[in-house]
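What follows is the residue order along each chain.
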Amino acid sequence: MGAASASSNFNGGFPTPGPQTPTGQDVMNHVFFASKTGWKQIREQEQFDYIVIGSGFCALAFIDQVYRNAPHARVLVLERGPFFLPEHFQNLPLPYAGVLGGLSETFPWTLSMRTHEAPYIKWQHGMVPFFGGRSILWSAWCPRPTPEEMQGWPEEVIAAAHAYFPEAERLLNVIPASAIDRRRSPDDGNPRPIYGELQQRITALLESGLGKVSSLTRTLPAPLAAGAAELSNVDFAKFSTPGQLLMLADRQAQLAAAGQGAPLRIATECIVGRILQQGSRPTALETSRGIVNVGGAKVVLAMGALPPTTLVLNSFPQVANAGGRFTAHFITSVVARVPRADYDFDARLLELELAANYVAGIDRETQGQYHIQLTSLSDRDPQKNAAAAQRHMPDVVATASMEQLLTSKDHLVFVCAVLGELDWRNPDSWLRRDDGEDPTTNVTLQVLANANDDALWNTMDQGTFETLERILSPKGPARVEYWHADGGWKPARPPLSQIRVPGLVHEGSTLWIGQGQDAVVGLDYALKGVDDVYVTGAALWPASGSWNPTLTMVALAQHLGDLLSKPA
């Protein structure tokens, strides 16, 4: 593999002009991914130690850890989708924000009618079917859950997660929002720091006022996977896996050429529909590009939570309880503003400043968890600052609109994306096989809220309003205005119908890990009743908590990488 690669038979237009219509995928296949010729060799001649299905966070974490221990390990990555973006969309020019949603998301399941007709929860966010998966479109919040917030998890798994959190933060470039711009000065002629005075002041308000809201438990500057600034002299860069995986592939190619490692093989546009087995051993993968011999490889499922569950349901009927448990996060979205003049630090704020804070809470009666992803904005010229704000925003999905900012040049704007955990105990929430013919979509997903969910949702909505009115508004509730979809800024709290989001995020628990007989996966991450098939990601979650799952997913995938490849 090199920086330039051409065909010697068509070099420079001799003896003919050569191919004239290469696609972007053709170029990537020629340099990085398995071309038709390479794929033929992979299927017919090569043997692997690990076959990893998926190319997102868990795939990267597992492969990176394996290569740290065993650079000669033979690894094959199978990704269902094509190459789409080279890195996180937020690191690209402003128009790339348009790729969110729409055709960038697929829904490989059928929703039950009961879910579709439910009052608040009506659907589950889909998959991102491209190289890198959701890592190219995510929000990058990476809090460490406390042991108390991992209630219901095996002690061994909690210990493993906490042991690997530092390594996971290193891989993801996690940095607290309060440290993003600590090395920059507003006096250098640059409008930075964006995470400066406002970040410090909002953090202080939250820390000192936490006791004013009875349901809150802790707060911290948001840990964001955006710390590449300190490594590459870039001020802010959301993390994604495509570039990291390609750098691994490049490094392994160089090691292989020197006889010091094995090449990393990656095949895109390769959909795995079924894992064939004899006895309890996987023998082959049925893919959209033909049969792949498993041989002695260990198969690692690293493609989210629901697709691997579908694969297990279609491949291993002996596995009990797969899909029998489901968790996710339901969402409330609140946008509020407070006059900037109410804050004693108003004069110290630059033209554009942002703050990102994580605020956790709990319903004391049900013990259901929630958290507020709080984005604070002070923008005196929203049109001028649109590109900078888009790039540096902690969460572009949950942010203020241009209309909201243009009407709030003299205000601080607070955007609250509030996530609550769906009760995993609900027997009415599940993923089951149906009679569809396509093995990648022949499942039905049902998600219903129960009384515990209703209680938590009420608590987190109330906790959010109280945080804005009691903690973040220096002169009290009367100075807070809320955005109403049907009428702009008003002092009244918006109705539930406007703030409760019908789509769930952070699905999980469908292949939960545990010691008990009912658990689908053992403490070694191996699928019970099957040899050499391992599970990563939020499908493992015994319970979801409310915390963003990516950091924990990566930590446990790294642990699995060590378990399978580290010398005894």
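Everything below is about the structure printed above this text.
Source: prediction; values computed, not measured.

Engineer: Any chance you could break down the sheet that holds strand 12 (residues 298-301) for me, citing the residues and the numbers?
Structural biologist: Read across the sheet, 5 strands follow the order 8-2-1-12-22 without closing on themselves; strand pairing throughout is parallel. The strands lining the two open edges of the sheet, one partner per strand, are strand 8 (264-267) and strand 22 (533-535). Strand-to-strand, the axes of this sheet are offset by a mean angle of 20 degrees, without reference to chain direction.

Engineer: Help me get a handle on the nonpolar core, residues and values and all.
Structural biologist: Soluble globular proteins tend to pack their nonpolar side chains together in the buried interior. With 175 residues, the main nonpolar core has Ile63, Leu224, Leu301 and Leu527 as its most contacted residues. Sequence-distant contacts of Leu301, defined by excluding residues within four places in its chain, comprise Ile53, Ile275, Pro308, Leu311, Val312, Val533, Tyr534, Val535 and Thr536.

Engineer: Kindly report on the side chain of Gln558, identifying the contributing residues and their values.
Structural biologist: For Gln558, the position within the fold is in helix 14 (residues 550-565). You can call Gln558 buried: its relative accessible area is 0%. Ignoring any residue separated from it by four or fewer positions in sequence, one finds Gln558 in contact with Ala61, Gln65, Tyr164, Glu167, Ala168, Arg170 and Leu171.

Engineer: Please set out the packing of aromatic side chains residue by residue, giving values where relevant.
Structural biologist: Summed over all chains, the structure comprises 17 aromatic pairs. Taking the centre distance of 5.9 Å and the plane angle of 10 degrees together, the rings of Tyr195 and Phe236 count as stacked. Here Phe236 lies in the loop between helix 7 (229-232) and helix 8 (242-257) and Tyr195 lies in the loop between strand 5 (174-176) and helix 6 (197-209), a separation of 41 residues in the sequence. Since its relative accessible area comes to 0%, Phe236 is described here as buried. Among the aromatic residues, those joined into a ring-pair cluster are Phe33, Phe83 and Phe131.

Engineer: I'd like a description of the pattern of salt bridges, backed by residues and values.
Structural biologist: Under the counting rule described, the total for this entry stands at 26 salt bridges. A salt bridge links Arg170 to Asp64; the nearest nitrogen and oxygen atoms lie 3.4 Å apart. Of this pair, Arg170 sits in helix 5 (residues 155-172) while Asp64 sits in helix 3 (residues 57-69), and the two are 106 residues apart along the sequence. A relative accessible area of 36% places Arg170 in the partly exposed class. Owing to a relative accessible area of 8%, Asp64 belongs among the buried residues under this scheme. A salt bridge links Arg134 to Glu105, with the shortest nitrogen-to-oxygen separation between them at 3.0 Å. Of this pair, Arg134 sits in the loop between strand 4 (123-124) and helix 5 while Glu105 sits in the loop between strand 2 (75-78) and strand 3 (110-111); the two residues are 29 residues apart in sequence, bridging distant segments of the chain. Overall, Arg134 belongs to the partly exposed group, its relative accessible area being 35%.

How each quantity is defined
Residues numbered from 1 in each chain as written. Predicted model: local features only at pLDDT ≥ 70, side-chain atom pairs only at ≥ 80, totals over all residues. Heavy atoms only, no water. Pairing = 2+ DSSP bridges. Helix = DSSP H or I, 4+ residues; strand = E, 2+ residues; numbered from the N terminus. Axes fitted to C-alpha atoms, helices over the stretch in contact; angles between N-to-C directions. Core = buried A, V, L, I, M, F, W, Y, C linked by side-chain atoms within 4.5 Å. Buried < 20%, exposed > 50% of the residue type's maximum accessible area, 1.4 Å probe, protein only. Contact = heavy atoms within 4.5 Å. Phe/Tyr/Trp six-rings, centres within 6.5 Å; stacked < 30°, edge-to-face > 60°. Salt bridge = Lys/Arg side-chain N within 4 Å of Asp/Glu carboxyl O.

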